[in-house]
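Okay, here's what each chain looks like letter by letter:
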Amino acid sequence: MKSVTYDDGIVRAFTGVTVLWGIVGFLVGVIVAAQLSFWQANFGVEWLSFGRLRPLHTNAAIFAFVGNGMFAGIYYSTQRLLKVRMANDMLSWAHFWGYQLIIVLAAVTLPLGLTQSKEYAELIWPIDLLVVAVWVIFAANFFWTVAIRNEKNLYVALWFYIATIVTIAVLYIVNNLQLPTSLTHGYSIFGGVQDALVQWWYGHNAVAFFLTTPILGLMYYFMPKAAERPVYSYRLSVVHFWSLVFIYIWAGPHHLLYTALPDWAQTLGMIFSVMLWAPSWGGMLNGLLTLRGAWDKLRTDPVIKFFVVAVTFYGMSTFEGPLLSIKSVNALGHYTDWIIGHVHGGTLGWNGFMAFGMIYWLWPRLYGTKLYSVRLAETHFWLATVGILMYVVSMWVSGVSQGLFWRALDAEGFLRYPDFVEGLTNSRAMYQARLAGGVLYLGSAFLLVWNVIMTARRGQPVNVTVQVPVRAPAPDSAGAWALMTSAPMLLITAIIVLGIWFGVAGPMVSPVVLALLIVVCVAGIISYGLQKQRWGHWYGLVERHGFVFTILVLLAILVGGVVEIVPTLVVTEKVPAAITDEMIAEDPALAETAQWIQQPYSPLELAGRDVYIAEGCYVCHSQMVRPFRHEVLRYGEYSRLEETIFDHPFQWGSKRTGLDLARLGGKYDNLWHYLHLMDPRSTSPASIMPAYTHFKDQTLDPTVTVARMGALARLGVPYADEDLRLAVQRYESQAQLVADDLAAKNVTVDPASKMVAVIAYLQRLGRGPQPLAPAPVTADAGGAPPADVAPSAPGAEGE
Amino acid sequence: MFQDFFARSEMLIWPLVGLLIFIAIFAGMLAYTFFGLRDRRKIDEIAALPLADDYENDGQAEGRAS
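This structure is a prediction, so every number in the text was calculated from the model and none was measured.

Across its full length, chain A carries 33 helices and 4 strands. Against the globule reference of 28 Å for 799 residues, chain A gives a C-alpha radius of gyration of 28 Å, in line with a compact fold. For chain A, the spread of C-alpha atoms along the principal axes amounts to about 100 × 70 × 55 Å. Looking at chain A residue by residue over its 799 residues, the buried ones come to 63%. Excluding contacts between residues fewer than 6 apart, the proportion of contacts in chain A whose partners are at least 24 apart in sequence is 82%. Of the roughly 27,900 Å² that chain A leaves accessible, carbon and sulfur atoms contribute 68%.

Okay, structure coming up:
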């Protein structure tokens, strides 16, 4: 036996900031909820506007609150499950302070409008680099601890932690690949449909591997602790883990159903999402049944109360997610508040309640005392439960109502409710109910704060010392290679190789390869499946070898990602940057593509687009008309994949608090846009959009846009050298056109202002290149072509 | 163009290949779970790991402060 003192200081630190950032995240959530009920809550301050605060809210809730809670639980449980102190205290504290620095930087940059505009991946590239560095520090410390452990078996909670560490690293790096244009700005290397697919591959799996797998790991550790009995079925937990890890990664495209994403990818995403039902509910039942024989504690123990409601919300969310992924249901629910209710049920219901339960269990033990007030914890539980239920139910009602409202047609087949804002007005009562629910949830969290402070004051920080058995010979260093080359691993490798061969083989060979694949599988089952001891022995060894286990997890998550993303990445090689008449003469099929293929933005439009992104307009406005009659009637022709192929980043959006803007260009004149941006109520009395009066006063530097055009050209956007050389001149001439048009209507605007750039961008949406200079005066001015249309790439207009 | 690519591309076999790999390995995992994990004592030992750690069930730390 030897003595081991756990590092509980790091657990206390992460737990403390979990409470702090929870309050911040919930508070910002209440503010943005208030802004949706009362537009005045934007206060006319640009850095407090909804578009900038909403990403701050999501990042604070997900990465600051849940993230820190996750780290607290991982540091606590990992040391105890491995019977060893964390490998390196310095790495632990570098992780802690680095992570807090990231959160502070996010809290500063997002309200300033410094964003990538990719949901849950908004942080600018220097912060992304810091995230990667901190994650590597965390991973190194974790795997180092696994390597020096005093327990030969890796408990299932640790499997979930490993999956989290590996998968988040892959997702975060790939989705944030970008070309910097300055210290605070960069463009995603992916564009249009590629960017959409990569983003939602990341976005969905951020939910899966940041908000689900680590929390399931915590569930498998802390629920048995709280119930004082082992997990209901360890076998089920094994199946739960592997099936969840395998299936989750495929489900991302369900965020893009009925968009311009290729149909096969949509179907694949839907099928795997529905498949997720089984492992998710298996895990939920495993958690709830862990309480068998201990249900009496539900009456007296607030920790069990929080855990039971958390796991119930997990079951509800993982029922709702696959349901919403069914295309016909998604057609109703997508872009509505239903999705908002769904994600809050997951984040505040499942993650939040797990975190609260864990903190109430953990905190007294970290201070060697009892909880200051069980009654306060009980009150917290009931207020938070009522709060989150009010939130979720109001969003369900609002969301389903919106979906039905948007699609309602009259007897003649036309829109029954053509005024979009009318639907928003109908949702107002639900928005206020949501706000009340959010206030309850926030208010209840202050009870946690008080309980945490008073409990800490009552006790003293404790670093627990235990006696553990002396470790057996290092399991990771001995036999890892032998395991990698063992017969089952070779069988898995053979299956993968034959699978790939099946994919690349021609129509004559592929059936033979498929037959061979089946034979190998059957032979493997006969060879190992019937010799049960071998299977068990082999996997038992894998469980004890952190490195081999990690490789298997990596394989599991890469399969789904690669087969979905690679075909969509390759497709751009098939698309010419420009389609000439000669090309159409050679291949008439190109005429269809030429009609829709996107033409690059003019310098002024690009500058306006960057402002649009910085303001977070995408959080309320989509740019994707789905192929439904009601959408085509409301917005115009449905969106094509070709139309946004050069959009870095894509702006398809995921929520419609406002109208879709894909076909906005030309629907209103410049004066309408000016008035709408200065005071949305002047053109749409029931609008809840914040005013953007600062657009009129703030100016842009055209040379910055030129540099950004150069970056986009390197990413494949067809800007010619001439486009870059004439960019400033074109910027100024087009800006003057817009300013002159407004001046003719008695509105004076600086041509260099953000207002002019944004109007130019909005007028371009859904249309081809717009005039950059006044048309020359001719005898027949009405028929004169524009004097200059940029960029110079050929091709017809998009509409 | 895009429709043509996605209609004819041989790359679209990859999702099917991925599905095959998924099913094969998942089947292997099920086989392990039901045939390999037969040693009840061993399973119980692993499942009890969270309960086998250092101290308390009653809210009082029994470990000593360092």
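Attention now moves to a negative patch on the surface. Residues and elements named next belong to chain A. Taken together, the side chains of Asp 581, Glu 582, Glu 586 and Asp 587 define an acidic patch exposed on the protein surface. Mapped onto the secondary structure, Asp 581 falls in helix α23 (residues 581-586). What makes Asp 581 exposed here is its relative accessible area of 62%.

The next thing to look at is the pattern of salt bridges. Residues and elements named next belong to chain A. Here the structure, examined in full by the defined rule, presents 25 salt bridges over all chains. With a closest N to O distance of 2.7 Å, Lys 118 and Asp 195 form a salt bridge. Placement of the pair is Lys 118 in the loop between α3 (89-109) and α4 (125-147) and Asp 195 in helix α6 (residues 192-210), with a sequence separation of 77 residues. Each member of the pair, Lys 118 as well as Asp 195, is classed as buried. Put simply, Arg 730 and Asp 723 hold a salt bridge, and the shortest N to O gap is 2.8 Å. We classify Asp 723 as buried; its relative accessible area is 1%. One network of salt bridges, in which partners are shared, links Arg 626, Glu 631, Arg 656 and Asp 660.

Before going further, it helps to examine the packing of α6(A) against helix α7 (residues 213-227) of chain A. Residue and element names in this part refer to chain A. Running from amino to carboxyl end, α6 crosses α7 at an angle of 15°, the nearest separation of the two axes being 4 Å. One finds that α6 runs roughly parallel with respect to α7. Between α6 and α7, the contacting residues are Ala 208, Phe 209 and Phe 210 on the first element and Thr 213, Pro 214 and Ile 215 on the second. In terms of residue class, the contact of α6 with α7 is made up of 5 nonpolar, 1 polar and no charged.

On to the packing of helix α2 (residues 50-82) of chain A against helix α14 (residues 337-366) of chain A, then. Residue and element names in this part refer to chain A. Packing of α2 against α14 brings their axes to within 10 Å, and their N-to-C directions diverge by 35°. For the element pair α2 and α14, the recorded crossing hand is left-handed. Residue-level contacts link Arg 54, His 57, Ala 61, Phe 65, Val 66, Gly 69, Ala 72, Gly 73 and Tyr 76 of α2 to Ile 340, His 344, Thr 347, Asn 351, Gly 352, Ala 355, Phe 356, Met 358, Trp 361, Leu 362, Arg 365 and Leu 366 of α14. Residues belonging to the contact of α2 with α14 are distributed by class as follows: 12 nonpolar, 7 polar and 2 charged.

Residue and element names in this part refer to chain A. Both strand β2 (residues 178-182) and strand β3 (residues 185-188) contribute to a ladder of 4 bridges, which runs antiparallel. The residue bridging Leu 179 from the neighbouring strand is Tyr 187, located in β3. The antiparallel pairing of β2 with β3 creates a hairpin that spans 2 residues between the two strands.

Further remarks concern the side chain of A:Lys297. Examined against the element boundaries, A:Lys297 turns out to sit in helix α11 (residues 297-300). Setting aside anything within four residues of it in sequence, one finds A:Lys297 in contact with A:Ala226, A:Ala227, A:Glu228 and A:Ile304.

Here the focus is unusual backbone geometry. All names here are of chain A. A cis geometry characterises the amide bond from His 648 onward to Pro 649, with omega recorded as -5°. Following the sequence through the fold, Pro 649 ends up in the loop between α26 (629-635) and α27 (670-678). With phi around 75°, Ser 117 is a residue other than glycine that occupies positive phi space. Considering the arrangement of structural elements, one finds Ser 117 in the loop between α3 and α4. At Tyr 258, a position not held by glycine, the phi torsion is positive, near 65°. Relative to the assigned elements, Tyr 258 resides in the loop between α8 (234-248) and α9 (263-275).

All names here are of chain A. Position of Ser 398 among the secondary structure elements: in helix α15 (residues 374-407). Polar side-chain contacts of Ser 398 include one of 3.3 Å to the side chain of Ser 427. Discounting chain neighbours no more than four positions away, the residues touching Ser 398 are Asp 337, Ser 427, Met 430 and Tyr 431.

As a further point, take the nonpolar core. All names here are of chain A. Membership of the largest hydrophobic core comes to 244 residues, with the highest contact counts inside it found for Tyr 155, Trp 159, Tyr 234, Trp 242, Trp 350 and Phe 353. Per-element tally for this core: the top contributor is α2, with 16 residues. Look past the residues within four positions of Trp 159 in its chain and what remains in contact with it is Leu 154, Tyr 234, Val 238, Phe 241, Trp 242, Tyr 539, Glu 543 and Phe 549. In this structure, Val 4, Tyr 6, Val 466 and Val 468 belong to the second largest nonpolar core, which totals 6 residues.

Any aromatic ring pair is given by two values, namely how distant the centres are and how the planes are angled relative to each other. All names here are of chain A. One pass over the full model with this rule turns up 59 aromatic pairs over all chains. For the ring pair Phe 138 and Phe 142, a centre distance of 6.4 Å and an interplane angle of 55° mean the geometry is tilted. Taken as a pair, Phe 138 and Phe 142 lie in helix α4 at a separation of 4 residues, close to a single helical turn. Note on accessibility: Phe 138 and Phe 142 belong to one class, buried. Aromatic pair Trp 159 and Tyr 234: ring centres 6.5 Å apart, planes at 70°, arrangement edge-to-face.

Here we take up the environment of A:Ser602. Residues and elements named next belong to chain A. Inspection of the secondary structure puts Ser 602 in the loop between α24 (590-596) and α25 (603-614). According to the relative accessible area criterion, Ser 602 is buried, its value standing at 1%. Placed 132 residues apart in sequence, Ser 602 and Gln 734 show a C-alpha to C-alpha distance of 8.7 Å.

Calculation criteria
- Residues numbered from 1 in each chain as written.
- Chains lettered and ligands numbered in written order.
- Predicted model: local features only at pLDDT ≥ 70, side-chain atom pairs only at ≥ 80, totals over all residues.
- Heavy atoms only, no water.
- Helix = DSSP H or I, 4+ residues; strand = E, 2+ residues; numbered from the N terminus.
- Rg over C-alpha atoms; globule rule 2.2 N^0.38 Å.
- Buried < 20%, exposed > 50% of the residue type's maximum accessible area, 1.4 Å probe, protein only.
- Contact = heavy atoms within 4.5 Å.
- Areas by Shrake-Rupley, 256 points an atom, 1.4 Å probe, with all protein chains shown as cover.
- Patch = residues over 30% accessible without salt bridge, like charges linked within 9 Å, V, L, I, M, F, W, Y side chains within 5 Å.
- Salt bridge = Lys/Arg side-chain N within 4 Å of Asp/Glu carboxyl O.
- Lys, Arg positive; Asp, Glu negative; His and termini not counted.
- Charge placed at Lys NZ, Arg CZ, Asp CG, Glu CD.
- Axes fitted to C-alpha atoms, helices over the stretch in contact; angles between N-to-C directions.
- Parallel < 35°, antiparallel > 145°, perpendicular 65-115°, else oblique.
- Nonpolar A, V, L, I, M, F, W, Y, C, P; charged D, E, K, R; others polar.
- Left-handed = near helix turned anticlockwise from the far one by under 90°.
- Pairing = 2+ DSSP bridges.
- Polar contact = N/O pair within 3.5 Å; in protein donor to acceptor, adjacent residues only side chain to side chain.
- Core = buried A, V, L, I, M, F, W, Y, C linked by side-chain atoms within 4.5 Å.
- Phe/Tyr/Trp six-rings, centres within 6.5 Å; stacked < 30°, edge-to-face > 60°.

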